[in-house]
Amino acid sequence: MAFKSVEEFNKERYHDMFRLVDDKDSAEVIFLYRNKQDELKADAHYIKTNAYEGYIHCCGKGCPACARHFRLDTKIFIPMYVINQTDRAHGNVTYPVDQILFWDRKITFDKQLDEMVFYPYPTPIDCVFKITRNGAFRDMNTRFDIVAIGAHSLSYDTILAKFNAKMPDYYSTIIKEFSIAELEEMLQNNTATPASDLPEYTPVPRAGYQ
């Protein structure tokens, strides 16, 4: 198996995901929401199989992922046209992104989205927003500031057309939908064990130590 750089690995794994990794990293984005009604949620499992690794829609009743105890989360995948990002960890460098990315958030983030985006700006697509991370890598107390910094002349349809994207079909780049039969077959061929099925780990003291 050939080695990959960490950068290449991250690009493959997160290629359609928006990420601000370090404290004070920021990005200038346009939320692809014409109004609150455009915001979608999904009951999602994250699976890792020989055929596919990533998010899938829960099948509901009879879902094979539920039967195998894969964690179920209610998610909002926020679609954004990311104009540029600023990376403080590598010299405060600002670089163009020019891509539609999805921001993976739990449903609890909906309250912050309402307070910082939908309530003050009922048609978010009309504004450019700056998102700033406040919190170190993997800090559970990380917060994000979202501030409108200007207007723009791009329409919702113009942005989607630039990337040959159609909503909600474009969500399939971040979360896949499989039938119960398709998912059952994938999971039957899976070699990984869900974390919830693993036995509880108990440290065993080395001889001579308490």
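This structure is a prediction, so every number in the text was calculated from the model and none was measured. (Residues numbered from 1 in each chain as written. Predicted model: local features only at pLDDT ≥ 70, side-chain atom pairs only at ≥ 80, totals over all residues. Heavy atoms only, no water.)

A. Spotlight on the state of the cysteines. Enumeration according to the criterion identifies zero disulfides in this entry. For cysteine 58, which is in no disulfide, the shortest distance to another cysteine sulfur is to cysteine 66 and amounts to 3.6 Å. Cysteine cysteine 59 shares no disulfide, and the gap to the nearest cysteine sulfur, in cysteine 63, comes to 4.4 Å. (Disulfide = S-S within 2.5 Å.)

B. A look at the side chain of aspartate 73. Examined against the element boundaries, aspartate 73 turns out to sit in strand β4 (residues 72-87). Within the structure, the side chain of aspartate 73 is placed 3.1 Å from the side chain of arginine 71, a separation counted as a polar contact. Beyond its immediate sequence surroundings of up to four residues, aspartate 73 is in contact with Ala42, Asp43, Ala44 and Lys106. (Helix = DSSP H or I, 4+ residues; strand = E, 2+ residues; numbered from the N terminus. Polar contact = N/O pair within 3.5 Å; in protein donor to acceptor, adjacent residues only side chain to side chain. Contact = heavy atoms within 4.5 Å.)

C. Molecular detail of the confidence of the model for the protein. On average, residues of the protein score 88 in pLDDT, and 83% of them reach the 70 mark or higher. Throughout residues 4-13 the model reports pLDDT below 50, and contacts reaching past four residues in sequence, or to other chains, amount to five contacts. (pLDDT = per-residue confidence, 0-100.)

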